[in-house]
Amino acid sequence: MNTLQYIEENKDRFLSELMDLLRIPSVSADSKYSADVFRTAEFVKDSLVAAGADNAELCETAGYPIVYADKIIDPSLPTVLVYGHYDVQPPDPLDLWHSPPFEPVIKDGKIYARGACDDKGQMYMHVKAFEIMMKQGTLPCNVKFMIEGEEEVGSNNLGIFVAANKAKLKSDVILISDTSILSNDNPSLTVGLRGLAYLEVEVTGPNRDLHSGTFGGVVRNPINTLCQMIASMHDENGKVSIPGFYDNVEILSTEERTEMGRAPYSEAEVMEDLHVAALHGEKGYSALERKSIRPTLDVNGMWGGYIGEGAKTVLPSKAFAKISMRLVPNQTSEEITAKFKAHFEAIAPAGVTVEVRPHHGGEPAVTPTDSIAYQAAVNAFEEAWGKKPIPMREGGSIPIVALFEKELGLKSVLMGFGLDTDAIHSPNEHYGIFNYLKGIETIPLFYKHYAVLSK
Ligand code: BES
Ligand code: MN
Ligand code: MN
């Protein structure tokens, strides 16, 4: 039985197993789900054992465990380290889901559930691809699995684990499916990820909430003030106005940008998908450039004062915002966090005090396109999809990619199968059954070509 026949015969089970995994609400950001996150780690470990892995264990950390398992068929052969994450984003806002986030349903050829694409669905493709190679006796190299449970909250403990377990994790390449393709007609390979600087700001005005009539016009309103401060952080050309923000930004050559421009990224389709009449961002760059090779600043949430039902006349004492900045090569999260903090404090007007609290960060990463591993991924796509994948930089962040390089000296191959329309981190996240099964088909081909090219 070849891979395609195996997938055809087992696809219902492949789907129902994934749905069982999706039923466990492994939200790493919210401690009320803690027991479920641990349960998910067990599920992943058991699934690797069932697929034929050895040495499966839950590696304890100060937070959620890292699932490790391997299959060493011959120490002289190359070793692939598969990384993925079993934790998911919070499902909020719940009322916008058409079906409950942790009760997966199949509709129009897609599985709807939190984590369906990011990253349970994509991670589980690797477990099933491994099962296929084990059952067929076609695994052509060694494999190690490292599946973590804290990616969505910054992977802090994974960094420590990697630094402390270099021998255990020794391998030749890291393989990750946690990114997107351009479209199902235009497969792509991710060759760059942005970094991240995430922080929270607090603006304090008067020492207590006040009557907005008695004191309106007397003191500075911290919410009005925070809005002005945030609004001032972009100029009329959509550039971030924090001094020095662009100092180290990598400048791509005209040739590289022309090459990028050939990718069939449709701004019209994005507008249609998102129901917006216009796209927006830094002047002088295409939307695809703005979301990949340019840094950005966005408010992720903002609160203060009265937000309950009805109206309450109140001049609030405090205003808060969570702000993320996406970074590109040569910027670092430390540098940008420091520049933000200095600027935010400098622009705070008299009448309020401000505090900037850094959350977590991650460094940008670019992956080589001249490596054997990258070529193996290209060959795998060509064989499974009948098309050469387009190299693409992406806007999201996987901070551990830069860390793998620093700690293990290893580059990653970012072979994701999601779509930008899969609503990851949003209500109604989904993953196409086509993408799930096509991924399971493509992964063994990566191993095959990688083993051949490594000889
Ligand atoms: N899988 C995403 C990253 C991603 C999404 C890369 C789409 C490329 C395309 C990952 O799970 C994620 O959400 N990362 C976070 C960073 C983390 C530190 C919270 C992100 O990008 O916001
Ligand atoms: Mn992810
Ligand atoms: Mn994510």
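Reading guide: rules and limits
Residues numbered from 1 in each chain as written. Chains lettered and ligands numbered in written order. Predicted model: local features only at pLDDT ≥ 70, side-chain atom pairs only at ≥ 80, totals over all residues. Heavy atoms only, no water. Phe/Tyr/Trp six-rings, centres within 6.5 Å; stacked < 30°, edge-to-face > 60°. Helix = DSSP H or I, 4+ residues; strand = E, 2+ residues; numbered from the N terminus. Buried < 20%, exposed > 50% of the residue type's maximum accessible area, 1.4 Å probe, protein only. Salt bridge = Lys/Arg side-chain N within 4 Å of Asp/Glu carboxyl O. Near = heavy atom within 4 Å. Polar contact = N/O pair within 3.5 Å; in protein donor to acceptor, adjacent residues only side chain to side chain. Areas by Shrake-Rupley, 256 points an atom, 1.4 Å probe, with all protein chains shown as cover. Donors = N, O, S within 2.8 Å, 3.2 Å for Na, K, Ca; no water. Tetrahedral: all angles 85-135°; square planar, octahedral: opposite > 155°, others 65-115°.

Chemist: Explain the packing of aromatic side chains to me, using residue names and the numbers behind them.
Modeler: Tallied over the entire structure, the rule returns 16 aromatic pairs. Ring geometry for W385 against F434: centres 5.6 Å apart, planes inclined by 85°, an arrangement best described as edge-to-face. Residue W385 is located in helix α10 (residues 372–385), and its partner F434 is located in helix α12 (residues 433–454); the two are separated by 49 residues in the primary sequence. Residue F434 is classed as partly exposed on the basis of its relative accessible area of 40%.

Chemist: Please provide a residue-by-residue account of the pattern of salt bridges, values included.
Modeler: Per the counting criterion, the structure on display carries 29 salt bridges. A salt bridge links E17 to R13, with the shortest nitrogen-to-oxygen separation between them at 2.9 Å. Of this pair, E17 and R13 both sit in helix α1 (residues 3–22), separated by four residues, roughly a single helical turn. Residue R13 is classed as partly exposed on the basis of its relative accessible area of 30%. Salt bridges here are not isolated pairs; linked through shared partners, they connect E200, E202, K318, K322, E355 and R357.

Chemist: Outline the site of ligand 1, supporting the account with residue identities and numerical values.
Modeler: The local shell around ligand 1 holds 17 residues, among which E151, D178, R326, S397 and H425 are the closest. Interatomic distance of 3.1 Å between a side-chain N/O atom of E152 and an oxygen atom of ligand 1. In the model, a nitrogen atom of ligand 1 is placed 2.8 Å from a nitrogen or oxygen of the S397 main chain. In the complex, the protein chains occlude 91% of the 520 Å² of accessible area that ligand 1 would expose alone.

Chemist: How would you explain the coordination of the manganese ion (ligand 3) if you had to name every residue and give the values?
Modeler: With distances of 2.1 to 2.6 Å, the protein atoms coordinating the manganese ion (ligand 3) are D118 (OD), E152 (OE), E152 (OE) and H425 (NE2). One way to put it: the six donor atoms around the manganese ion (ligand 3) meet at angles of 55 to 156°, and that makes the site irregular. For the manganese ion (ligand 3), the donor residues sit on a single chain with the sequence spacing D-x33-E-x272-H. Separating the manganese ion (ligand 3) from the manganese ion (ligand 2) is a gap of 3.6 Å, bridged by D118, which donates to each. Remark: H425 occurs in the loop between β15 (412–414) and β16 (430–432) and E152 occurs in the loop between β6 (142–148) and α4 (156–164); sequence separation between them is 273 residues.

Chemist: How would you sum up the coordination of the manganese ion (ligand 2)? Please name residues and give values.
Modeler: Taken together, H85 (NE2), D118 (OD), D178 (OD) and D178 (OD) make up the protein donors of the manganese ion (ligand 2), found 2.0 to 2.4 Å from the metal. For the manganese ion (ligand 2), the six donor atoms in the first shell make angles of 57 to 165° at the metal, a pattern classed as irregular. As a motif over one chain, the donors of the manganese ion (ligand 2) read H-x32-D-x59-D.

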